[in-house]
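The chain contents come next:
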Amino acid sequence: MTSTDAAFAGSIPAIYDRDLGPWLFEGYAREVARRAKALAPRRVLETAAGTGIVTQALAEALPQAEIVATDLNEAMLKVLQARVATVAAQAADAQDLPFEDASFDLVICQFGVMFFPDRVKGNGEARRVLRDGGRYIAAIWDSLDTAEPAVRIARTASDAFPDDPPSFLSRVPWGYSDKARIESDMRAAGFESVKIETVQVSGTLDAKAAANGLCQGSPLRSEIEARDASRLQEITDAATRALADLDGKPTTLSAHIVTATR
C-alpha cells in the first residue's frame, strides 16, 4: 500500500461516483442491501462508505434502521451527504472506529477492505462494535482477470509506461482475491463463523465512463500523474479505445461476499 492508494481527493470523488458507480458498484450495492434487509438490523454501520452508493441502497432497503456511514476521506463524505441526507455520516478510520463495543447489529464494508493497511485490524474493529450474533458483510473483488474492462485499462496504463508500469488496479482493488487469505484474516480478527460466496453481477458497459472513471476517478490517476501528468487525457482516451468493442454490451463482474458472525 502506498500513500496514493487511498487518495480520493480533488475532482476524484465526483468522477468516481458518476463514472464508476453505475458500472462497478450499483449492482453489488443492491445485492448487499438485499442481504442486509433479510437480517432486519436496527442499527447499521457502514465503513469505507465512499460516495454513498451502498448507503443509498441501505437507506431504501432499511427505512426503519439507524444507519451510520463512515469514510476516511472527507471529500467522499461530502458526495455521500448530498446523496443521502437521512443517514448520519462522519469521518472515521475503519481501523480505529470511534464507537462503543457491541453497539451495532450489522457492519457493512463494500470494496473497502482491500484498502486497509492492516486488514486484520480493520476486521477486528468491525467485530468489536458488533453485538453478539451481529453480522459483518464485506464485499471484496475477485481477481483482476474476472473484470475484463479493468484488465484492458490496466494494460493501457502499463503500455504507456513500460519501464515503470502503474500497478494500482492489480495491486489494491483486485489484489486481495484469494478466499483462503480472506478467511484467514477474518478468523485472525476473531470471527469464528465465516462464509464466503462468489457472486457475479452483470451490467451494460459505457466505455468512455469506465475509462474515465478508472483513469481519472481512482488512485490510478495519481500513479499516472506521478509518471507524467501531461499524459493523463491521452491515456484515458487510449483506454476508451481499448474498450470500444465492449461499449453498450453486457459485462460481468465477480466479487466475494463475506458474511462473518460475531
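Details of the structure are given in the entry above.
Since this is a predicted model, take the numbers as computed values, not measurements.

Secondary structure assignment for the protein yields ten helices and seven strands. Counting the 262 residues in the protein, one finds 55% classified as buried. Across the protein, every contact between residues at least 6 apart in sequence was considered, and the portion connecting residues at least 24 apart equals 79%. Here the protein carries 29 positive and 37 negative side-chain charges, and the mean point of each set is 4 Å from the other.

Of the pairings in the sheet, the one linking strand β4 (residues 104-110) to strand β5 (residues 130-141) comprises six bridges and is parallel in character. Looking at the pairing, Q110 lines up with A139 of β5. Following the chain from β4 across helix α4 (residues 119-129) to the adjacent parallel β5, one finds a crossover that is right-handed. As paired elements, β5 and strand β7 (residues 250-261) share seven bridges and run antiparallel to each other. Bridged to I140 within β7 is H256.

Look at A40: it is not a glycine, yet its phi comes out positive at around 50°. Within the secondary structure, A40 is located in the loop between α1 (12-39) and β1 (43-46). The phi torsion at A102 lies on the positive side, around 50°, for a residue other than glycine. Within the element layout of this structure, A102 appears in the loop between β3 (88-91) and β4.

Here we take up the nonpolar core. One finds L24, I108, Y136 and W141 to be the most contacted residues of the largest nonpolar core, which totals 90 residues. When residues in this core are grouped by element, the largest group, ten residues, is from α1.

Let us now look at the packing of aromatic side chains. Throughout the structure, instances matching the rule amount to ten aromatic pairs. Residues F25 and W141 carry aromatic rings whose centres are separated by 6.5 Å and whose planes lie at 40° to one another, so their mutual orientation is tilted. Here F25, found in helix α1, pairs with W141, found in strand β5; they are 116 residues apart in sequence, far enough to count as distant. Assigned by exposure class, F25 and W141 land together as buried. Ring geometry for F99 and F104: centres 5.3 Å apart, planes at 85°, overall edge-to-face. Exposure class is identical for F99 and F104. Each is buried. One aromatic cluster is present, formed by Y16, F25, Y28, F111, W141 and W174 through successive ring pairs. If you follow R43 out to its NZ or CZ, it ends over the ring of F104, 4.3 Å from the centre.

Attention now moves to the sheet that holds strand β2 (residues 66-71). Strand order across the open sheet formed by seven strands is β3-β2-β1-β4-β5-β7-β6, with mixed pairing between neighbours. Pairing within the sheet leaves two strands with one partner each, and these edge strands are β3 and β6 (193-204). Across the sheet, the axes of successive neighbouring strands diverge by a mean angle of 20°, strand direction being ignored. Pairing of β1 with β2, which is carried by four bridges, proceeds in the parallel orientation. Along β2, the bridge assignment pairs V44 with I67. In the packing of α1 onto the sheet, contacts are made with β4, β5, β6 and β7, and the angle to β7 comes to roughly 35°. Against the sheet, α4 touches β1, β4 and β5, its axis set at about 150° to β5.

Parameters and conventions
Residues numbered from 1 in each chain as written. Predicted model: local features only at pLDDT ≥ 70, side-chain atom pairs only at ≥ 80, totals over all residues. Heavy atoms only, no water. Helix = DSSP H or I, 4+ residues; strand = E, 2+ residues; numbered from the N terminus. Buried < 20%, exposed > 50% of the residue type's maximum accessible area, 1.4 Å probe, protein only. Contact = heavy atoms within 4.5 Å. Lys, Arg positive; Asp, Glu negative; His and termini not counted. Charge placed at Lys NZ, Arg CZ, Asp CG, Glu CD. Pairing = 2+ DSSP bridges. Right-handed = clockwise from strand over helix to strand, strands pointing away. Core = buried A, V, L, I, M, F, W, Y, C linked by side-chain atoms within 4.5 Å. Phe/Tyr/Trp six-rings, centres within 6.5 Å; stacked < 30°, edge-to-face > 60°. Lys NZ or Arg CZ within 6 Å of the ring centre and 35° of its normal. Axes fitted to C-alpha atoms, helices over the stretch in contact; angles between N-to-C directions.

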